[in-house]
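Each chain, written out:
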Amino acid sequence: MTGPLRSIWDAPAATPPPPRRVWRDWVLVVVVPLAAIVEAAVRPEVPSRWVWAVVLTAIAPTLLWRRTHPLAMLAIAFGLGSVFSLITGGDPELVATAAMLLLVYAAVRWGSGRAMVGGAALVLASSALSFAYGPSTPADLIGAVAVLVTTISLGVAFRWRAAARARELDRVKLLEREQLARDLHDTVAHHVSAIAIQAQAGTAVAATDPDAAARVLRVIEAEASRTLDEMRSMVRILRRDETVEPAGTAGAAGTAAAARAPSPAIADLRRLAVGGGAGEVGAGRETAGPVVDVRLEGDVAAVPPVVAATVYRIAQEAVTNARRHARGATRVDVAVVADADGIRVDVHDDGEPAASGTPGYGLRGMAERAALLGGTLTAGAAAGGGWSVAVTLPRAGWST
């Protein structure tokens, strides 16, 4: 038994961390005292009803800090309740007292292992004191235990659910980082291959045409500098504990090289344009689906390969989501616009979006990929119908 108890005792606070305070907390602080006062006024048969109305009014502010300091708030509320139970000679019989169960729930839902164990000890001690000095029956004991077990079970269930979702989101982020690292590998391999070819050409003409060899060396220098800039930028992005910082712009030689050798991912964007009966994105089989129209504007060929790969992956995921989830969609429009500020991707379908309570992991993955390059993603139902995904990757967040 020491193993499970020790693991509970050493358990950290719930993840993700709770919000400090939300609007519902202020509503509770107002509603609980009002409910206690109204109940005391309409139930004259309740013993010491006005005393308990005052006690509940004094305890109500603890609900404001129940997430950030669950054990302390639980100790204040149950300690004050136990003292007045001894003074009045009985437990509070007001229904508004059920608000104290929120403190028990908060200790289990948000607290650390020590808070959970300490809260359980406080609740047991308070309950034992009430049953020892007040009139009680076995039915009262069974009812109290049932209510406490239900409250604790709900806290554990929601805590486990939130932790499981957080782990799944972390997994999605890691997958996106892994894919980004693969894109970086492909980009570096492309540049290194170009450097190797240029070096071979320079070696071949060095003896007969020194000027041509010098030009080749300058091209190699520009290509190597560009590759190093992209590697440094992506390594900085992939580090978890560092924020994305603006990278320096490449020289004219690097920009010219990018214009001469556009990223393969830009060419792959054209492959997203499939009509009804065309294959699914990235697949070779023929399936029915909406018409996909891709529109490229601006100097998209000069976009760095890693950024272009991000644009392609986001567009691919958005189109795939539209084909899978947009009911009755007949068309998906993909617009990629590159300008002096950066690059923007807009994907819009004309279907009916599927109802969903929370964003899917596909959207989370796209948002993570955009955030890695200092960008933002917004998704939701479009004003004129259908579903839209908009991604903005500012030039300040990636190396040009």
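What counts, and at which threshold
- Residues numbered from 1 in each chain as written.
- Predicted model: local features only at pLDDT ≥ 70, side-chain atom pairs only at ≥ 80, totals over all residues.
- Heavy atoms only, no water.
- Salt bridge = Lys/Arg side-chain N within 4 Å of Asp/Glu carboxyl O.
- Helix = DSSP H or I, 4+ residues; strand = E, 2+ residues; numbered from the N terminus.
- Buried < 20%, exposed > 50% of the residue type's maximum accessible area, 1.4 Å probe, protein only.
- Contact = heavy atoms within 4.5 Å.
- Phe/Tyr/Trp six-rings, centres within 6.5 Å; stacked < 30°, edge-to-face > 60°.
- Lys NZ or Arg CZ within 6 Å of the ring centre and 35° of its normal.
- Pairing = 2+ DSSP bridges.
- Axes fitted to C-alpha atoms, helices over the stretch in contact; angles between N-to-C directions.
- Arc of directions from axis to C-beta.
- pLDDT = per-residue confidence, 0-100.
- Patch = residues over 30% accessible without salt bridge, like charges linked within 9 Å, V, L, I, M, F, W, Y side chains within 5 Å.
- Areas by Shrake-Rupley, 256 points an atom, 1.4 Å probe, with all protein chains shown as cover.
- Core = buried A, V, L, I, M, F, W, Y, C linked by side-chain atoms within 4.5 Å.
- Parallel < 35°, antiparallel > 145°, perpendicular 65-115°, else oblique.
- Nonpolar A, V, L, I, M, F, W, Y, C, P; charged D, E, K, R; others polar.

**Q** Talk me through the pattern of salt bridges; I want residue IDs and the actual numbers.
**A** Under the criterion given, the structure shown has nine salt bridges. Linking arginine 67 and aspartate 25 is a salt bridge whose minimum nitrogen-to-oxygen distance equals 2.7 Å. Residue arginine 67 is located in the loop between helix H3 (49–59) and helix H4 (70–88), and its partner aspartate 25 is located in helix H2 (residues 23–42); the two are separated by 42 residues in the primary sequence. Like arginine 67, the residue aspartate 25 is buried in the burial classification. Its salt-bridge partner being aspartate 346, residue arginine 344 comes within 2.8 Å of it at the nearest N-O pair. Beyond isolated ion pairs, a larger network of salt bridges with shared partners links Asp25, Arg66 and Arg67.

**Q** How would you explain the side chain of serine 126 if you had to name every residue and give the values?
**A** Positionally, serine 126 belongs in helix H6 (residues 113–133). Setting aside residues up to four positions removed in sequence, serine 126 forms contacts with Phe78 and Ser82.

**Q** So what's going on with the packing of aromatic side chains? Residues and values would help.
**A** In total, this model carries one aromatic pair according to the counting rule given. With a centroid separation of 6.5 Å and an interplanar angle of 75°, the aromatic rings of tyrosine 105 and phenylalanine 158 are classed as edge-to-face. One end of the pair, tyrosine 105, is in helix H5 (residues 101–110); the other, phenylalanine 158, is in helix H7 (residues 138–205), with 53 residues separating them in the sequence. On the basis of relative accessible area, tyrosine 105 is assigned to the partly exposed category, the value being 24%. Note on phenylalanine 158: relative accessible area 38%, which makes it partly exposed. Here the guanidinium or amino end of arginine 24 rests over the ring plane of tryptophan 23, the centre of that ring lying 5.9 Å away. Seen from the ring of tryptophan 110, arginine 109 lies directly overhead, with NZ or CZ sitting 3.8 Å from the centre.

**Q** Tell me what's going on with the sheet that holds strand S5 (residues 387–394), and back it up with residues and numbers.
**A** The strand order across the open sheet built from five strands is S1-S2-S3-S5-S4, with neighbouring strands paired in mixed fashion. Two strands lie at the open edges of the sheet, namely strand S1 (291–298) and strand S4 (376–381), each paired on one side alone. Each strand of the sheet is rotated relative to its neighbour by a mean of 10°, with strand direction disregarded. Along the sheet, helix H11 (residues 305–325) makes contact with S1, strand S2 (331–339), strand S3 (342–349) and S5, crossing S3 at roughly 10°.

**Q** Account for H3, naming residues and giving values.
**A** Those residues of H3 not exposed but buried are Trp52, Ala53, Val55, Leu56 and Ile59. Viewed end-on, H3 has its buried residues packed into an arc of 165°, placing them on one side of the element. For H3, the elements touching its buried residues are H2 and H4.

**Q** Please set out the confidence of the model for the protein chain residue by residue, giving values where relevant.
**A** Scored by pLDDT, the protein chain has a mean of 77; 78% of the residues are at 70 or more. Within the protein chain, the lowest mean pLDDT, 36, falls on helix H9 (residues 252–260), and the highest, 92, falls on H2. For the stretch residues 240–262, pLDDT sits under 50, and the model shows 28 contacts to residues farther than four places along the chain or on other chains. Note on residues 275–287: pLDDT is under 50 here. Beyond four places in sequence and across chains, it has 30 contacts.

**Q** Outline a nonpolar patch on the surface, listing residues and values.
**A** Residues Trp23, Val27, Val30, Val31 and Leu34 make up a contiguous nonpolar surface patch of about 500 Å² in total accessible area. Relative to the assigned elements, valine 27 resides in helix H2.

**Q** Provide a residue-level description of unusual backbone geometry, including the pertinent values.
**A** Negative phi values dominate among residues other than glycine, just as trans dominates among peptide bonds. Positive phi is not limited to glycine here, since serine 48 has a value of about 50°. Within the secondary structure, serine 48 is located in the loop between H2 and H3. Using a relative accessible area of 31% as the deciding quantity, one classes serine 48 as partly exposed.

**Q** Could you give me a rundown of the environment of valine 294, with the residues and numbers involved?
**A** Structurally, the position occupied by valine 294 is in strand S1. With a relative accessible area of 9%, valine 294 lands in the buried category. For the pair valine 294 and valine 334, spaced 40 residues apart in sequence, the C-alpha to C-alpha distance is 4.7 Å.

**Q** Give me the lowdown on the nonpolar core, citing residues and values where you can.
**A** Val334, Val336, Ile343, Val347, Val391 and Leu393 are the most contacted members of the largest nonpolar core, which totals 29 residues. Broken down by secondary-structure element, the contributors of at least two residues to this core are S1, H11, S2, S3, helix H12 (361–372) and S5. Here the element with the most residues in this core is H11; it accounts for nine residues. Of all hydrophobic cores here, the second largest spans 24 residues; its members include Ala40, Val55, Leu103 and Ala107.

**Q** Could you give me a rundown of the packing of H2 against H3, with the residues and numbers involved?
**A** Put simply, H2 and H3 touch, their axes get as near as 8 Å, and they point 175° apart. Regarding the angle of H2 to H3, the classification is roughly antiparallel. Residues Val32, Pro33, Ala36, Ile37, Ala40 and Ala41 of H2 form the contact with H3, whose participating residues are Arg49, Trp50, Ala53, Leu56 and Thr57. Looking at the contact of H2 with H3 residue by residue, the classes come out as nine nonpolar, one polar and one charged.

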